[in-house]
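# Structural overview for review
Take a look at the letters that make up each chain.
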Amino acid sequence: MTEAKKEVRRAYIHDAEDLARLNEVFNGVVLTPEEVRDSLLRSNELVAIALLNGHTVGYACAQYFESFCYREKHGYLTEMFVEEPARGNGLATMLMAHIEEELRSRGVSEVSVLTGADNEIAIKAYERFKYVRQADAVLQKSLPGKSS
């Protein structure tokens, strides 16, 4: 039996169709490949994709910022998803390592993960990556006005 070929790399605009498909499965948000391409071109978001035997089966997204309020740059892992049939191949670990290295290369020294407070499966996975639960509260508000 041959071993599966696994690869994780930065996402490029030619990956937009696969990213749109995966995002719909994961987040339920329908985007056209053109919308994904535009986002990849204009945003400073870090996006990585996971491939298994040449097929795109997962992705991870991160952002980072710097502020006069803090001495160090801070990063956020905002999304990570691997399709069910591809799980158990180490792709989430590879995605996490890739994103962390991308953030580190940009001077980020601390990374936070944004995930649902009741998403125990994801929380346990992040804890295996040495992330520690914090007591911070996340509050959210929708602003009236232009919607996209």
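Cut-offs and rules
- Residues numbered from 1 in each chain as written.
- Predicted model: local features only at pLDDT ≥ 70, side-chain atom pairs only at ≥ 80, totals over all residues.
- Heavy atoms only, no water.
- Phe/Tyr/Trp six-rings, centres within 6.5 Å; stacked < 30°, edge-to-face > 60°.
- Helix = DSSP H or I, 4+ residues; strand = E, 2+ residues; numbered from the N terminus.
- Buried < 20%, exposed > 50% of the residue type's maximum accessible area, 1.4 Å probe, protein only.
- Arc of directions from axis to C-beta.
- Contact = heavy atoms within 4.5 Å.
- Polar contact = N/O pair within 3.5 Å; in protein donor to acceptor, adjacent residues only side chain to side chain.
- UniProt positions renumbered as here; feature names shortened; annotations may be inferred.
- 1 Å grid on protein atoms, 1.4 Å probe; cavity = no way out; pocket = protein on both sides within 12 Å on 5 of 7 lines; lining within 4 Å.
- Points joined across faces, edges and corners; volume = space filled by probe spheres on them.
- Nonpolar A, V, L, I, M, F, W, Y, C, P; charged D, E, K, R; others polar.
- Pairing = 2+ DSSP bridges.
- Axes fitted to C-alpha atoms, helices over the stretch in contact; angles between N-to-C directions.

For the protein chain, an unreviewed UniProt entry supplies the name GNAT family N-acetyltransferase and the organism Paenibacillus terricola.

### Points about the packing of aromatic side chains
All told, the structure shown has 5 aromatic pairs when counted by the stated rule. On the basis of an interplanar angle of 65 degrees and a centroid distance of 6.4 Å, the ring pair of Y59 and F81 is categorised as edge-to-face. Pair noted here: Y59 is in strand β3 (residues 55-65) and F81 is in strand β4 (residues 73-82), with a separation of 22 residues, a long-range link. Counting every residue linked through ring pairs, the aromatic cluster contains F26, Y59 and F81.

### So, helix α4 (residues 120-128)
For the α-helix, the turn length of 3.6 residues means that residues three or four positions removed from each other point alike. Within α4, the full set of buried residues consists of A122, I123, A125 and Y126. All buried residues of α4 project into a common sector of 160 degrees when viewed along the axis, lining one side. Facing away from the buried surface of α4 by more than 90 degrees, the exposed residues are I121 and R128. Contacts made by the buried residues of α4 are with β4, α3 (91-105) and β5 (108-113). Just downstream of α4 lies K130, where phi reads positive at about 80 degrees.

### Some words on the side chain of E83
Inspection of the secondary structure puts E83 in the loop between β4 and α3. Looking at E83, its side chain comes within polar contact range of the side chain of R21, at 2.8 Å. Those residues in contact with E83 that lie beyond four places of it in its chain are R21, L22, T56 and V57.

### Here's the deal with the UniProt feature "domain: N-acetyltransferase" (unreviewed entry) in the protein chain
Per the UniProt annotation, the sites labelled "domain: N-acetyltransferase" (unreviewed entry) are residues 6-144. Within the segment residues 6-144, helix and strand shares are 33% and 28% respectively, and the terminal C-alpha atoms sit 44 Å apart.

### Notes on the layout of surface pockets
In this model, the largest pocket occupies a volume close to 1000 Å³. Around the largest pocket, the lining is made up of 26 residues, and of these S112, V113, V132, Q134 and D136 lie nearest the centre. Residue contributions to the lining of the largest pocket peak at 4 residues, all from β5. Here the lining of the largest pocket is composed, by residue class, of 14 nonpolar, 5 polar and 7 charged. Space inside the second largest pocket adds up to approximately 660 Å³. Every residue lining the second largest pocket is counted, 24 residues in all, and those nearest its centre are R87, A92, I121, A122 and A125. At the level of elements, β4, α3 and α4 are the ones that each hand at least two residues to the lining of the second largest pocket.

### Quick word on the sheet that holds β5
The 5 strands lie next to each other as β1-β2-β3-β4-β5, forming an open sheet whose pairing is mixed. On the outer flanks of this sheet lie β1 (6-10) and β5, each paired with one strand and no other. When strand polarity is set aside, the average angle formed by the axes of neighbouring strands in this sheet is 25 degrees. With 8 bridges connecting them, β3 and β4 associate as antiparallel partners. Each residue of the ladder has a partner; that of A62, found in β4, is L77.

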